[in-house]
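Residue-level listing of the chains:
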Amino acid sequence: MAISWWHWLALGLVLVALELAASGGFYVIFFGVAAMAIAALRLFDLAGPVWMQLLLFSVISIGALLSFRSRLLRWFQLDSPAEDVDSLVGDVAVPTEDIAPGAVGRAELRGTVWSARNGSGVPLARGERCRVVRVDRLMIFIEPEGARR
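An account of the accompanying structure is given in this report.

**A word on the overall build of the protein**
- When you go through the protein residue by residue, the secondary structure sums to three helices and five strands.
- Its helices and strands in sequence order give the protein the pattern α-α-α-β-β-β-β-β, from N to C terminus.
- Computed over C-alpha atoms, the radius of gyration of the protein comes to 29 Å, more than 25% over the 15 Å expected from 2.2 N^0.38 for 149 residues, which places it beyond the range of a compact globule.
- If one aligns the C-alpha atoms of the protein with their principal axes, the spans along those axes are about 80 × 25 × 20 Å.
- The buried share of the protein, reckoned over its 149 residues, is 28%.
- Of the roughly 9,700 Å² of accessible surface on the protein, 63% is carried by carbon and sulfur atoms.
- Averaging the coordinates of the 14 positive side-chain charges in the protein and doing the same for the 14 negative ones gives two points 3 Å apart.

Printed below as a string of structure tokens:
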């Protein structure tokens, strides 16, 4: 059984294309790069017999994965937790009904009606501008716009 250099190159290109098509975890790309490295070695007849090519492929791909994956993730900032870019805290909500202190009612926020809890000690009137002070799942906690915490 003989594996030609272009077999390794085709395998490498397919693996790199799979990495680019996937949602990126930087796993498969190292196997693709290793396959292309074996293709270059095989082209110049430096890779040896098939068992040596497979051994080199394994060592290069796993070594590169262990050595460079974390650096790539840091470089692309994929290993850091996502910031809450679209936070609702601080936005203006308008109650669609009167809400007693500590009670739950409905409020409109960004064109959508939400379940809202009055987090202040004063009643909220229908149509009064309020600030979102906290979000817990699908419940927003609102206080009158001028209230201080």
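Moving on from the model shown.
**Things to note about the side chain of S120**
- Looking at the element boundaries, S120 is found in the loop between β3 (112-118) and β4 (130-136).
- Within the local environment of S120, its side chain forms a polar contact with the backbone oxygen of V122, the two atoms lying 3.2 Å apart.
- Other than its neighbours up to four places away in sequence, S120 contacts P101, G102, I142, E143 and P144.

**Considering the pattern of salt bridges**
- Per the stated rule, a full pass over the model turns up four salt bridges.
- Among the ionic pairs, D91 bridges to R110, the shortest N-O distance being 2.7 Å. Here D91, found in the loop between α3 (50-75) and β1 (92-95), pairs with R110, found in the loop between β2 (104-109) and β3; they are 19 residues apart in sequence, far enough to count as distant.
- The salt bridge involving R131 is made with E145; its shortest N-O contact spans 3.1 Å. With R131 in strand β4 and E145 in the segment after β5 (139-144), this residue pair connects regions lying 14 residues apart in the sequence.
- A relative accessible area of 31% places E145 in the partly exposed class.
- Taken together, the salt bridges that share partners define one network made up of R129, R131 and E145.

**A closer look at the nonpolar core**
- Counting twelve residues, the largest nonpolar core consists of L88, A93, I99, A107, L109, W114, A116, L124, C130, V132, I140 and I142.
- Within the residue set of this core, elements represented by two or more residues are β2, β3, β4 and β5.
- What L124 contacts, discounting residues up to four positions off in sequence, is P95, E97, D98, I99, N118, C130, I142, E143 and P144.

**Quick look at helix α1 (residues 5-21)**
- Taking 1.5 Å of rise per residue, 17 residues should cover 24 Å, and α1 covers 24 Å from first to last C-alpha, within 8% of that figure.
- Restricting attention to buried positions, one finds in α1 the residues W8, G12, L15, V16 and E19. Down the axis, α1 shows its buried residues gathered within 100° of arc, on one side only. Residues of α1 that are exposed and angled more than 90 degrees away from the buried face: L20 and A21.
- Considering only its buried residues, α1 is in contact with α2 (28-43) and α3.

What counts, and where the lines are drawn
Residues numbered from 1 in each chain as written. Predicted model: local features only at pLDDT ≥ 70, side-chain atom pairs only at ≥ 80, totals over all residues. Heavy atoms only, no water. Helix = DSSP H or I, 4+ residues; strand = E, 2+ residues; numbered from the N terminus. Rg over C-alpha atoms; globule rule 2.2 N^0.38 Å. Buried < 20%, exposed > 50% of the residue type's maximum accessible area, 1.4 Å probe, protein only. Areas by Shrake-Rupley, 256 points an atom, 1.4 Å probe, with all protein chains shown as cover. Lys, Arg positive; Asp, Glu negative; His and termini not counted. Charge placed at Lys NZ, Arg CZ, Asp CG, Glu CD. Polar contact = N/O pair within 3.5 Å; in protein donor to acceptor, adjacent residues only side chain to side chain. Contact = heavy atoms within 4.5 Å. Salt bridge = Lys/Arg side-chain N within 4 Å of Asp/Glu carboxyl O. Core = buried A, V, L, I, M, F, W, Y, C linked by side-chain atoms within 4.5 Å. Expected span 1.5 Å × (residues − 1). Arc of directions from axis to C-beta.

By themselves, these figures tell us nothing about what the structure is for.
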